[in-house]
Amino acid sequence: MEREKILEVKDLHVSFDTYAGEVKAVRGVSFYLNKAEAIAIVGESGCGKSVTAQSIMKLIPMPPGRIKSGNIIFNGVDITKFSDKKMEAIRGSEMGMIFQDPMTSLNPTMVVGKQIAEGLIKHQHLSKKEAMTRAVEMLKLVGIPNPDKRAGQYPHEFSGGMRQRAMIAIALACNPKLLIADEPTTALDVTIQAQILDLMKELKSKLDTSIILITHDLGVVADMAERIIVMYAGKVVESGSVEDIFYDPQHPYTWGLLKSVPRLDAENKEQLVPITGTPPDLFAPPKGCAFAARCKYSMEICYEEQPCDMEYNKDHFAACWLGHPDAPKVERPIKGRGVK
Amino acid sequence: MVRYIGKRFVISLITIWILATLTFFLIRLLPGDPFTSEKITPEIKANMMKYYGLDKPLPVQYATYMGNLLKGDMGYSLRYKNREVNNIIADAFPASADLGLRSLVFSVILGLILGIVAALNHNKFWDYACMVIAVIGVSVPSFVVGSLIQYLFGIKWKLLPVAQWKSFAHTIMPTFALGLGTLALIARLMRTSMLEVVGQDYIKTAKAKGLSPAQVTIKHQIRNAILPVVTVLGPLVASLLTGTFVIEQIFAIPGLGRHYVVSIQNLDYTMVMGLTIFFGAFLVLMNFLVDIAYGLVDPRIRVGK
Ligand SMILES: Nc1ncnc2c1ncn2[C@@H]1O[C@H](COP(=O)(O)OP(=O)(O)O)[C@@H](O)[C@H]1O
Ligand code: SF4
Ligand SMILES: [Mg+2]
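One numbering rule holds for all chains: residues counted from 1, following each sequence as written. Chain letters start at A and ligand numbers start at 1, both assigned in the order the entries are written. Restriction of local features to residues with pLDDT of at least 70 applies here, the model being predicted, together with a cutoff of 80 or more for giving and counting side-chain atom pairs; totals for whole chains, interfaces and linings are based on all residues. To obtain the side-chain values, all non-hydrogen atoms of the structure were used and water was disregarded.

Undergrad: Help me understand the sheet that holds strand S6 (residues 95–98) of chain A, please; the structure alone is not making it clear to me.
TA: Strands in a sheet are paired, the pairing made by backbone hydrogen bonds, and the direction either parallel or antiparallel. Residue and element names in this part refer to chain A. Note: two strands are recorded as paired if DSSP finds a minimum of 2 bridges between them. Here a strand is any run of E in DSSP of at least two residues, a helix any run of H or I of at least four, and the numbering for each starts at the N terminus. Across the sheet, eight strands lie side by side as S6-S7-S8-S3-S9-S10-S12-S11; this open sheet has mixed pairing. Whereas interior strands pair on both sides, the edge strands pair on one side only; in this sheet they are S6 and strand S11 (310–313). Strand-to-strand, the axes of this sheet are offset by a mean angle of 20 degrees, without reference to chain direction. Inspection of the sheet shows strand S3 (residues 38–42) paired to strand S8 (residues 210–215) by five bridges, in the parallel sense. By the bridge assignment for S8, Ala38 is matched with Ile211. With respect to the sheet, helix H6 (residues 160–172) is in contact with S6 and strand S7 (178–182), its orientation differing from that of S6 by roughly 165 degrees. Where helices are involved, their axes are fitted lines through C-alpha atoms of the stretch in contact, as for all axes, and angles between N-to-C directions lie from 0 to 180°. By definition in these notes, contact holds between two residues if any of their heavy atoms fall within 4.5 Å.

In structure tokens form, the structure reads like this:
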């Protein structure tokens, strides 16, 4: 049976008009998210993950940012052209967001409980008192001990991990259908990272929330997401199930990413190799494959023409010329199902 | 909290003592003596020097002064015969403080509003308009502003009383002239601070909750943007409230301002000392009050924690 989609992003283009010119931050991104599903968007920093996420909630600063074209369909409704007022009604109630740095994403001059209560007062029209009671419940739900006392404290009285829990409480207070977590663990210690991911997993099953987990670290997605979207220079270069991406990756950029993260499976005790080179200039993205300049396998056509999506199975696509039937077969650096 | 206040109090006392000591010796480095300008015979002058104890060695004078100061006695003015320094300050301070307080309220409220309006209209007409006002306010000296409005509103159009300190109408021009610079300073500070805060992550968090732009601005942006403004308030309050020579002179206000200038010109040692200590103590007190106020607006540095 086809699962119901909660979100569909179709050919999204987002640019920033700066003094130096137009930064084409997102250049035709498409993906979807099913109800109660978790997907991950991965890619090096600067590849457009945050811009994509913030475009969904229309949180990019406009100007200089602007959604040039494409559609964002949320819960069956095209929200691309929604007015600010209509977006306000959705933000926080239907979709919530967690940001990278819990140290800076809470208001330092407002008690944590109130920061959680605000959304409830706005969307569920609770009284201040009811909202505070709910806020305490939320703090309890995200595993903060002494929630009664904690609700009355300021963010600086919380540790980093606690603050990220509080952020999750804020984002989930109105029980949104979609949670976007933009590098929720990047700024945290490794042990705290695992706790936060566990909490998100637990809440996902408890509350049936759909999650987009954004990260530049493939290591953290494996047991959280069902599918992975790999982005590079403002485009999706490969997408597929976690299985497909980890064991049958098709795009040289995905290979590079996989080689650069420690993998948990014992067989793969290979050396970590970072991807050499830097991403292309988004002011003037290359005509052909954006990865060509850094790609060991690049061919003439790669510099000439954008590779189109090659389908490997109904959910697995990669935009690389190597997938073309006429392309030479290459030795892949990643051991997977396909090659032994 | 008690310990904190106690510590601050001791530091304040030491500060004021150092200030008093420096002033005591520095003022005596100036050429001449308090009675130079008076047409008196050397005998009378010697008598007067003796009467005020100025003939004794400096260390003795210093010890005597400090001893009296501890009792709260700042001695007699060397210029206004038979008037105590304490008394002169108590007479002149109320007018200065009144003017200063009015200017403070005027400049802080309007400065904040201007800064907020400018920041909310960043790079648009109102931003530029507010900043033009701010630049004028900072760069045009208060005596120019004072004289100009006095001429226009007082003399030419006869809309407001030209000078003196009586009714509310009398207070309008001096308040404006004295407060304009502070207003401009606060407007610029608030604008910068607002623009900085708007880029902070917690503003994005507030928007992601679905709050309206007005709610985001009022509850999250302004509250945090005001913090740096509060820090500059201490010295500002002190300098506004303790009188300014220029404005009080232009508008003939019987405040402390003119004593600062006149007492130095006359080498009225006791008066200079008295004013310096008064101003120093006031400054220290204001900074302390502002620190406490800062703790109220910024929970991170709440004192005593
Ligand atoms: N406000 C902005 N103005 C100009 N360029 C921006 C702005 N925000 C993001 N960008 C650009 O968009 C690109 C993608 O950024 P981002 O989505 O934050 O990357 P990441 O994948 O690390 O989250 C970057 O090249 C960045 O320079
Ligand atoms: S299209 Fe060419 S350059 Fe791009 S990733 Fe594939 S092989 Fe490399
Ligand atoms: Mg990012």
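Undergrad: I tried to follow the site of ligand 2 on my own but got confused; where do I start?
TA: The cutoff for a nearby residue is simple: one of its non-hydrogen atoms must lie within 4 Å of the molecule or strand. Neighbouring ligand 2 are 13 residues, the closest being Cys289, Cys295, Cys302, Cys320 and Trp321 of chain A. Classification convention: Asp, Glu, Lys, Arg as charged; Ala, Val, Leu, Ile, Met, Phe, Trp, Tyr, Cys, Pro as nonpolar; all other residues, Gly among them, as polar. Taken together, the residues of the shell around ligand 2 sort by class into eleven nonpolar, two polar and no charged.

Undergrad: Explain the pairing of strand S4 (residues 65–74) of chain A to me, please; I cannot follow it from the model alone.
TA: Successive residues of a regular strand alternate their side chains across the two faces of the sheet. All names here are of chain A. Sheet analysis places strand S1 (residues 5–18) next to S4, joined by eight bridges and oriented antiparallel. The residue of S4 that forms the bridge with Glu8 is Ile73. Examined bridge by bridge, S4 and strand S5 (residues 77–78) share two bridges and lie antiparallel to one another. Residue pairing across strands places Ile73 opposite Asp78, the latter belonging to S5. The antiparallel pairing of S4 with S5 creates a hairpin that spans two residues between the two strands, and Asn75 there sits at a positive phi of about 55 degrees.

Undergrad: Please explain the nonpolar core as it appears in this structure.
TA: As a rule of thumb, soluble globular proteins bury nonpolar side chains together. In these notes, a set of buried Ala, Val, Leu, Ile, Met, Phe, Trp, Tyr and Cys residues joined through side-chain atoms within 4.5 Å is what counts as a nonpolar core. We call a residue buried when its accessible area falls under 20% of the maximum for its residue type, exposed when it is over 50%, and partly exposed in between, using a 1.4 Å probe and counting protein chains only. Of all hydrophobic cores here, the largest spans 108 residues; its most connected members are Leu7, Phe31, Ile56, Ile212 and Ile228 of chain A. The biggest single contributor to this core is H6 of chain A, with eight residues. Looking at which domains feed residues into this core, each of domain 1 (95–175) and domain 2 (244–323) of chain A supplies at least three. Contacts of Ile228 of chain A, omitting those with residues within four sequence positions, involve Ala40, Val42, Leu218, Val221, Glu238, Ser239, Gly240, Val242, Ile245 and Phe246 of chain A. Residues Met173, Val216, Val230 and Val284 of chain B belong to the second largest nonpolar core, which totals 64 residues. Here the bounds of each domain stem from an automatic or database domain assignment.

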